[in-house]
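# Topology and contacts: notes
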Amino acid sequence: MSASQQPDGDPARGSAPEASAPRAVITDGLPSQLPDIDPDETQEWIDSLDAVVDHAGRERARYLMLRLIERSREQQVGVPALRSTDYINTIPPEREPWFPGDEHAERRIRAYIRWNAAIMVHRAQRPGIGVGGHISSYASSASLYEVGFNHFFRGKDHPGGGDQIWFQGHASPGIYARAFLEGRLDEQQLDGFRQEVSHPVGGLSSYPHPRLMPEFWEFPTVSMGLGGMNAIYQARFNRYLHARGIKDTSDQHVWAFLGDGEMDEPESLGTIGLAAREELDNLTFVVNCNLQRLDGPVRGNGKVIQELESFFRGAGWNVIKVIWGREWDPLLAGDRDGALVNLMNQTPDGDYQTYKAEDGAFVREHFFGRDPRTRKLVEGMSDKEIWGLSRGGHDYRKVYAAFKAAVEHKGQPTVILAKTIKGWTLGSHFEGRNSTHQMKKLTAEDLAGFRDRLYLDIPDSALDKTLPPYYRPDPDSDEMQYMLERRRALGGAVPRRRAEFKTLKAPEDKALEVLRRGSGKQEVATTMAFVRLLKELFKDSELGPRFVPIIPDEARTFGMDSLFPTQKIYNPAGQRYTSVDRELMLTYKESEQGVILHEGINEAGSTASFTAVGTSYSTHGEPMIPIYIFYSMFGFQRTGDSIWAAADQMTRGFLLGATAGRTTLNGEGLQHEDGHSLLLAATNPAVVSYDPAFSFEVAHISRDAIVRMYGEDPGAPLGGSRSPDVMYYLTVYNEPFHQPAEPDGLDVQGLLAGMYRYAEGPGIDGPKAQVLASGVAVPWALRAQELLADDWGVSADVWSVTSWTELRRQAEEVTERNLLHPEEEPATPYVTQRLQETFGPVVAVSDWMRAVPDLIAPYVPGGLSSLGTDGFGLSDTRPALRRHFHVDAESIVVRTLASLADEGQVDRARVREAVEKYQVRDVQAAPAEDRSDPSPAT
């Protein structure tokens, strides 16, 4: 042992040479270079601390230090907060508020809901059904929810507008069970849990799915991890609406109920800094810390509550821990030397889980028995009393105190870390077991024990092992009247979704004219075309205030920095600094009333923001139109799960996949060049995808989208009704060219339906062909049209395919209808109908992988030959990349000639001749970029 160490491992005090070395005033990540202006006084304080350690022990010294830190904060000395505190409740008993409710009535209500929640899942496992479900998650969190339902959750009819609540997905049975007691659901509906198609009266969705239950659920919370992030951006959007004067949201609160295992999802913690930075005290996270995830403990060797406390405190949140129930209060009060708190701090979560799977004698021996002082604390308690020491998340008084403190706290968001037991009250087969999440059924023994524990008046004869009964007390009972009265006082039932708002008018024709007349001599990319349209729409007195641009730190790339001076960037603190570009016309300008949501390098948060804005029509009755623009590669690929959740929530708005295409964003390479987002978007039924080539197409698509989502929709372009609960995905490009004016007699119906003939082939004798192209590929197709005519005597029509996806969906609908109605005359898909009137083979080309145009291949008469950009993206010039992928004009010519040769219309030698003439195998031979006017030949 070195001379500088004491036997207990601490550095020896006063030993040379350490004693004479400069001391850090504060360590452990805190300031350490402050000068010591009074070394003698400093030494007195150090000596005093040493004396306390020597004479009263470390526990007493620790207590005094904590009190000093607490006092220093009261005196505003500026000492940073601790990252974690003792493993005890944040709110001591003497600071708990008076509980205003009827404790007996609330206990009975919870018992009824616990029973019905478990029985609903159990009955869903009956023979012939077996659809699963989760019993244990709600069992652990029932008290958390019921305190909220009875005292805090404000409904839609509340004068302040009601709260927004993200319910933990696996706890849905408990929310259904409460709705059953309230009369919102009946027994038949409960028996339809997870049977949304086959159940006679309609089933209940497995988790909170607004699209499946549009009048009940408001926010989807499975996939896990997305709920917390979406709740943060909802709370921020509430403040945004208030700041802009659109709606007073000052009395609305956002609650997010999360699991401790769920907090391992990166999205759960990834955006908590925003909530603290913008001081979102209208937001509360409630983390149900039952210490278990799906397969086992969350932190068997550690302490997840302490870990989460450190994360949230470090991020700037207010943290409230609810760890122990009221039965622990006398023990903690008698813990004079801190031995019990020390045990609580040292015990890992894996042991805490084990304790609740054993009995009181086991807890006495393996927890309290580890220290003679703590053993003595409980020597007067029976094993049953020790077993009855509850966890804080099951004590409604402790939970109420935490909730009340959270909603009254100002200047910070709050997280409540509530310790519970997974499967609590369900019996020894469930409580604290690793397998409890996968358990769906109760044994006969479990049913009887569960009933007895909840003191329910259900006879043994009714406890059928397959279909045990639901329990609903007399509607006139005190408990039922109390429950309904509490909800009336708080503004009605929760959850509930409404979609009531005043429809918006269609954009004026003059706003579209800027795009319809073309760009003249100026070269304009379709990204800039959309920005120009948006500027015009901002001028509309009714529509303008409804648009909300959402940008993940790429505004300058997309040409949207022109909006900075006029629309400004939303910042609740305004702009307190002097901008470095203040003298420029396009200065970066922030404002408390800013319109633009500039999210930084953060696609996940931007998507959450898009969801909050795009559901404002239902959450607030205020239709807002989000315009989320992003690198197209980083939309459906990077945040596809969030976009799927947005679809579930019936988000409406615009997704703009900018810098689209595999070859158009030249020089960026593999990770940036997108050739597949349209294919990924096609998998989302709520996404309406378009790949416009020209600015006038952008204008018509945008107008139709606004009318469909927010106005008096006249119906689908080919007839029939259509859902407004969609999101429009427009791929726009960064390649500028002379935008043509809208052609006379434009086929707007075809444009909106997905395809129209843009340029007929020249009237020459010879073979015919049809070239289908989308987006930036239409100019390539037009160049190929010229080459085919001039070099090979082939007349090719060029079609602008604005939406491969919409063509595919319409064809599938027609095919399905024909299948189910064989007695009727078969209908013809639109794409089939248009192409069966033409002559020659069909060639499709785009800046996307072949699978995108191949979406319509089954419905093309005579088949389809496609060209695409399959494979990874590469860095190079646009001509070189297009030649590499064989999608340029010359390659289109070769493919068209090959298709004609397949039909016997040209000699195959002509194909070889074209390959050699254009040197299509040589990227070096690719001609320079051609930005000629792509107007159709006259």
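Residues numbered from 1 in each chain as written. Predicted model: local features only at pLDDT ≥ 70, side-chain atom pairs only at ≥ 80, totals over all residues. Heavy atoms only, no water.

Attention now goes to the environment of Tyr355. By secondary structure assignment, the location of Tyr355 is in helix H13 (residues 349-355). Separated by 12 residues in sequence, Tyr355 and Phe367 have C-alpha atoms that sit 8.2 Å apart. For Tyr355, the contacting residues outside a window of four places in its chain are Thr347, Phe362, Val363, His366, Phe367, Arg370 and Trp387. (Helix = DSSP H or I, 4+ residues; strand = E, 2+ residues; numbered from the N terminus. Contact = heavy atoms within 4.5 Å.)

Grouped together as the largest cluster of nonpolar side chains are 137 residues, with contacts concentrated most on Tyr728 and Leu772. Here the element with the most residues in this core is helix H29 (residues 777-792); it accounts for 9 residues. The residues touching Leu772, leaving out its near neighbours within four places in the chain, are Met755, Trp799, Val801, Trp804, Leu835, Val842, Val843, Ala844, Val845 and Ile856. By size, the runner-up hydrophobic cluster in this structure holds 69 residues, among which are Ala117, Ile175, Phe403 and Phe450. (Core = buried A, V, L, I, M, F, W, Y, C linked by side-chain atoms within 4.5 Å. Buried < 20%, exposed > 50% of the residue type's maximum accessible area, 1.4 Å probe, protein only.)

Right, let's get into the pattern of salt bridges. Across all of its chains, the model carries 55 salt bridges by this definition. We note a salt bridge from Glu96 to Lys398, for which the minimum N-O separation is 2.4 Å. Of the two residues, Glu96 sits in the loop between helix H2 (58-74) and helix H3 (103-123) while Lys398 sits in helix H17 (residues 396-408), which places them 302 residues apart along the sequence. A salt bridge links Lys398 to Asp329, with the shortest nitrogen-to-oxygen separation between them at 2.8 Å. Of this pair, Lys398 sits in helix H17 while Asp329 is found in helix H11 (residues 329-333), placing the two residues 69 residues apart along the sequence. Given a relative accessible area of 5%, Lys398 falls into the buried group. With relative accessibility at 18%, the residue Asp329 sits in the buried group. The structure contains a network of salt bridges with shared partners spanning Asp264, Arg293, Arg299 and Glu307. (Salt bridge = Lys/Arg side-chain N within 4 Å of Asp/Glu carboxyl O.)

Right, let's get into the packing of aromatic side chains. Counted by the stated rule, this structure contains 57 aromatic pairs. On the numbers, 6.2 Å between centres and 65 degrees between planes, the contact of Phe167 with Trp217 is edge-to-face. Of this pair, Phe167 sits in the loop between strand E1 (164-166) and helix H5 (172-181) while Trp217 sits in the loop between helix H6 (187-190) and helix H7 (226-243); the two residues are 50 residues apart in sequence, bridging distant segments of the chain. Grouping residues by exposure puts Phe167 and Trp217 together as buried. In this arrangement the basic side chain of Lys356 is found over the ring face of Trp387, its NZ or CZ atom lying 4.1 Å from the centre. Residue placement shows Arg652 over the ring face of Tyr617; its charged tip is 4.0 Å from the ring centre. (Phe/Tyr/Trp six-rings, centres within 6.5 Å; stacked < 30°, edge-to-face > 60°. Lys NZ or Arg CZ within 6 Å of the ring centre and 35° of its normal.)

This part covers the environment of Leu680. With respect to the element layout, Leu680 can be found in helix H26 (residues 677-682). Sequence separation between Leu680 and Gly635 is 45 residues, and the spatial gap between their C-alpha atoms is 9.6 Å.

Here the focus is the sheet that holds strand E20 (residues 865-867). Across the sheet, which stays open at both edges, the 5 strands sit in the order E16-E18-E17-E19-E20 with mixed pairing between neighbours. The open sheet has two edge strands with one neighbour each: strand E16 (755-759) and E20. Taking the axes of each pair of neighbouring strands and ignoring which way they run, one obtains an average angle of 30 degrees across the sheet. Summarising the sheet, strand E17 (residues 768-773) and strand E18 (residues 795-801) pair through 6 bridges and their orientation is parallel. By the bridge assignment, Ala769 is partnered in E18 with Ala796. Docked against the sheet, helix H33 (residues 889-902) engages E17, strand E19 (842-845) and E20, running at close to 165 degrees with respect to E20. (Pairing = 2+ DSSP bridges. Axes fitted to C-alpha atoms, helices over the stretch in contact; angles between N-to-C directions.)

Glancing now at the packing of helix H20 (residues 509-516) against helix H27 (residues 695-710). Two numbers describe how H20 lies on H27: the axes approach to 7 Å, and their chain directions differ by 155 degrees. Taken as axis vectors, H20 and H27 run roughly antiparallel relative to one another. Here Asp509, Leu512, Leu515 and Arg516 of H20 come into contact with H27, specifically with Ser695, Phe696, Val698, Ala699, His700 and Arg703. The residue inventory of the contact of H20 with H27, partitioned by class, reads 5 nonpolar, 2 polar and 3 charged. (Parallel < 35°, antiparallel > 145°, perpendicular 65-115°, else oblique. Nonpolar A, V, L, I, M, F, W, Y, C, P; charged D, E, K, R; others polar.)

The grouping of Asp36, Asp38, Asp40, Glu41, Glu44 and Asp47 at the surface amounts to a negative patch. With respect to the element layout, Asp38 can be found in the segment before helix H1 (39-56). (Patch = residues over 30% accessible without salt bridge, like charges linked within 9 Å, V, L, I, M, F, W, Y side chains within 5 Å. Areas by Shrake-Rupley, 256 points an atom, 1.4 Å probe, with all protein chains shown as cover. Lys, Arg positive; Asp, Glu negative; His and termini not counted. Charge placed at Lys NZ, Arg CZ, Asp CG, Glu CD.)

Time to look at the layout of surface pockets. By volume, the second largest pocket amounts to about 750 Å³. If you go around the second largest pocket, you meet 26 residues; those closest to its centre are Arg107, His394, Trp424, Thr425 and Arg453. Elements supplying a minimum of two residues to the lining of the second largest pocket: H3, helix H16 (383-387) and helix H18 (444-454). Tallying contributions element by element places H3 first for the lining of the second largest pocket, with 6 residues. (1 Å grid on protein atoms, 1.4 Å probe; cavity = no way out; pocket = protein on both sides within 12 Å on 5 of 7 lines; lining within 4 Å. Points joined across faces, edges and corners; volume = space filled by probe spheres on them.)

Along the chain, Val494 connects to Pro495 via a cis peptide bond; the corresponding omega equals -5 degrees. The residue Pro495 is located in the loop between helix H19 (478-489) and H20 in this model. Non-glycine residue Tyr455 carries a positive phi angle of around 55 degrees. For Tyr455, the position within the fold is in the loop between H18 and H19. Accessibility expressed as a relative area gives 67% for Tyr455, which makes it exposed.

Take a nonpolar patch on the surface next. Residues Trp45, Leu49, Met65 and Leu68 make up a contiguous nonpolar surface patch of roughly 390 Å² in combined accessible area. Secondary-structure elements contributing two or more residues to the nonpolar patch are H1 and H2. Mapped onto the fold, Met65 is located in helix H2.

Direction vectors running N to C along helix H21 (residues 526-538) and H27 enclose 50 degrees, while the axes themselves pass 9 Å from each other. In terms of their interaxial angle, H21 and H27 are classed as oblique. Crossing hand, H21 versus H27: right-handed. Where H21 approaches H27, its residues Ala529, Phe530, Leu533 and Leu537 are matched on the opposing element by Ser695, Val698, Ala699, Ser702 and Ile706. Considering only residue class, the contact of H21 with H27 consists of 7 nonpolar, 2 polar and no charged. (Left-handed = near helix turned anticlockwise from the far one by under 90°.)

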